[in-house]
Amino acid sequence: MAATSGSDHYSHSKPPLSFLFAGKKMPLKLFWAFALLIFTVSRCFGDDDHEMEEFLKREFSLSKPYQGVGSSGSSHWELMGDAMVTTEQVRLTPDMQSRQGAVWSRIPCHLKDWEMQVHFKIHGQGKKNLNGDGMAIWYTKERVQKGPVFGNMDNFTGLGVFVDTYPNEEKHIERIFPFVLAMVGNGSISYDHERDGWPTELGGCNAMVRNLKHDTFLFIRYIRRRLTVMIDIDGQHEWRDCLDIPGVRLPQGYYFGATAITGDLSDNHDIISLKLYQLTVLRSKKEEEEEEDEITIPSVDNMELLRLGQVEEGMSAIAIFFTVLFFMLGCMFLIIIGLVVYSHWNESRRKRFY
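This is a predicted model, so every value here is computed, not measured.

A.B. asks: Looking at this model, I keep getting lost on the overall build of the protein chain. Mind explaining?
C.D. replies: Each helix and strand in the protein chain was counted, giving five helices and 17 strands. Among the 354 residues that make up the protein chain, the fraction classed as buried is 42%. When contacts within the protein chain are restricted to residue pairs at least 6 apart in sequence, long-range pairs at least 24 apart make up 72% of them.

Here you go:
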């Protein structure tokens, strides 16, 4: 799945119809018939993608030369903590211990469908697993609040997408770090640091993003109450699926932000750009009626089933090994008991016969 054509990240110009027939004369009727065919096909593909268009919203975007960042009331973005602006990036934390920083939008976002493209960079002197702790992209009710969740408050209200670079739980045999995951909070759900957010995550993927020479991107789309997260970290200009969850209910009027934190281990956490696109989607009358009710509290439909699926998929290699081992031992035990019982029965039968 690729980002839509209106994005600044991947913009591909479409050749005009005349280009297809350069050097050839074509009857007018045939030309218009071909044009109608192209239009019809494009409409069909548009229906599959909800006839979606996107428009860059500069008031919610952050890019060079970062003129909209500052402490003045007229600026669109506000820095917090150890964050600082340079000519090349907004550095949320330097490669130093016990730092946390953030950049938050001052303007609440009232878009129904949107897409955020994040150009970021994580790098430092630490070797593998000797770096930390990570960064997060937020769409939350609260803003400019320091805290332990990648530099933001715990028990947040809204959406958090985390790039976790350090494994706190040593038993993550099936999980490779850095790891990208998403969480929806309603103000009373706590992020579990000891288990790296696993009990409340919606899904995720591994993302080897540290100390890369090429650009790294994170893509967050919220459309028709569906949350999609993708990454582009291989330098191939191709999005890779990370998670895709339907039934995600996010209220309008929340704030976008980016935060990062370091502890005993550290990294530079840089934001090069945040680009927010408004998505316009044609909805059927039934869909409009279904989405008529105003969302006031963030939630995820069928979260219990989602967690059950993650538990089943999340069995480690050791857990699978012991499950199979105990199953085989149980079968062997039953076979031995059966043989013993049969042997006693056969012996008693033989004695009665003679």
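A.B. asks: Explanation requested: the sheet that holds strand β5 (residues 100-105) in the structure shown.
C.D. replies: Picture the strands of a sheet paired through backbone hydrogen bonds; they go either parallel or antiparallel. Strand order in the open sheet formed by seven strands is β2-β5-β15-β7-β8-β9-β10, with antiparallel pairing between adjacent strands. Strands with a single pairing partner mark the edges of an open sheet, and in this sheet they are β2 (77-81) and β10 (203-206). In this sheet, neighbouring strand axes are inclined to one another by 15° on average, regardless of whether the strands run parallel or antiparallel.

A.B. asks: Quick question: what am I supposed to make of unusual backbone geometry here?
C.D. replies: Across residues other than glycine, the phi torsion is negative in most instances, and most of the peptide bonds are trans. Going from Lys 64 to Pro 65, the amide bond is cis rather than trans, its omega being 5°. For Pro 65, the location among the structural elements is in the loop between β1 (53-56) and β2. In this structure, Pro 178 follows Phe 177 across a cis peptide bond, with omega equal to 0°. Mapped onto the secondary structure, Pro 178 falls in the loop between β8 (157-164) and β9 (179-186). Of note in the backbone geometry, Tyr 66 takes a positive phi value of approximately 60° without being a glycine. Inspection of the secondary structure assignment puts Tyr 66 in the loop between β1 and β2. According to the relative accessible area criterion, Tyr 66 is buried, its value standing at 4%. One non-glycine residue, Asn 211, lies in the positive phi region at around 55°. Looking at where Asn 211 falls in the secondary structure, it is placed in the loop between β10 and β11 (216-223). Taking the relative accessible area as the measure of exposure, Asn 211 reaches 40% and is therefore partly exposed.

A.B. asks: How should empty space enclosed by the protein be read in this particular structure?
C.D. replies: By rolling a water-sized probe across the atoms, one finds the places where empty space is left. One pass over the full model with this rule turns up one cavity of 30 Å³ or more. Of the voids in this model, the largest cavity is the one considered here, and its volume is about 40 Å³. Along the walls of the largest cavity sit Trp 114, Met 116, Ile 137, Trp 138, Tyr 139, Leu 159, Ile 220 and Phe 256, which together make up its complete lining. In terms of residues, the lining of the largest cavity owes the most to one element, strand β7 (residues 134-140), which gives three residues. Classifying every residue of the lining of the largest cavity gives eight nonpolar, no polar and no charged.

A.B. asks: Honestly, the environment of Asn 131 in this entry has me stumped. Any pointers?
C.D. replies: If you trace the backbone, Asn 131 turns up in the loop between β6 (114-123) and β7. Judged by relative accessible area, Asn 131 falls into the buried class, the value being 2%. With 136 residues separating them along the chain, Asn 131 and Asp 267 place their C-alpha atoms 6.0 Å apart. Excluding residues within four positions of it along the chain, Asn 131 makes contact with Thr 165, Tyr 166, Arg 210, Leu 265, Ser 266 and Asp 267. For Asn 131, the side chain forms a polar contact with the side chain of Arg 210, separated by 3.5 Å.

A.B. asks: Quick question: what am I supposed to make of the pattern of salt bridges here?
C.D. replies: Think of it this way: side chains of opposite charge can pair up when their charged atoms draw near. Under the defined criterion, the tally for this structure stands at 14 salt bridges. For the salt bridge of Lys 57 with Glu 59, the shortest nitrogen-to-oxygen distance reads 3.8 Å. Ionic pairing is found between Arg 283 and Glu 291, a salt bridge with its closest N-O pair at 2.9 Å. Neither residue differs from the other here; Arg 283 and Glu 291 are each classed as buried.

A.B. asks: What exactly am I supposed to notice about the nonpolar core here?
C.D. replies: Inside soluble globular proteins, nonpolar side chains tend to come together where they are buried. Counting residues in hydrophobic clusters, the biggest one holds 50 residues, and the most contacted among them are Trp 114, Leu 159, Val 180, Leu 218 and Ile 271. Counting residues per element, this core draws most heavily on β6, which supplies five residues. Those residues within four positions of Leu 159 in sequence are excluded, and the remaining contacts are Trp 114, Ile 137, Trp 138, Tyr 139, Thr 140, Ala 182, Met 183, Val 184, Ile 220, Leu 227 and Leu 250. Counting 15 residues, the second largest nonpolar core, distinct from the first, contains Met 80, Ala 136, Leu 181 and Tyr 255.

A.B. asks: How should I be thinking about the pairing of β11 in this particular structure?
C.D. replies: Both faces of the sheet carry side chains from a regular strand, because those side chains alternate between them. Burial analysis of β11 places eight of its eight residues in the buried class, which makes it a mostly covered element. In β11, alternate side chains face the same way, and those of Thr 216, Leu 218, Ile 220 and Tyr 222 on one face and Phe 217, Phe 219, Arg 221 and Ile 223 on the other are all buried. As paired elements, β6 and β11 share seven bridges and run antiparallel to each other. Across the sheet, the residue bridging to His 119 is Phe 217, located in β11. For β11 and strand β12 (residues 226-232), the ladder comprises seven bridges, and the chain directions are antiparallel. Within β12, the position partnered with Phe 219 by the bridge is Met 230.

Thresholds applied
- Residues numbered from 1 in each chain as written.
- Predicted model: local features only at pLDDT ≥ 70, side-chain atom pairs only at ≥ 80, totals over all residues.
- Heavy atoms only, no water.
- Helix = DSSP H or I, 4+ residues; strand = E, 2+ residues; numbered from the N terminus.
- Buried < 20%, exposed > 50% of the residue type's maximum accessible area, 1.4 Å probe, protein only.
- Contact = heavy atoms within 4.5 Å.
- Pairing = 2+ DSSP bridges.
- Axes fitted to C-alpha atoms, helices over the stretch in contact; angles between N-to-C directions.
- 1 Å grid on protein atoms, 1.4 Å probe; cavity = no way out; pocket = protein on both sides within 12 Å on 5 of 7 lines; lining within 4 Å.
- Points joined across faces, edges and corners; volume = space filled by probe spheres on them.
- Nonpolar A, V, L, I, M, F, W, Y, C, P; charged D, E, K, R; others polar.
- Polar contact = N/O pair within 3.5 Å; in protein donor to acceptor, adjacent residues only side chain to side chain.
- Salt bridge = Lys/Arg side-chain N within 4 Å of Asp/Glu carboxyl O.
- Core = buried A, V, L, I, M, F, W, Y, C linked by side-chain atoms within 4.5 Å.

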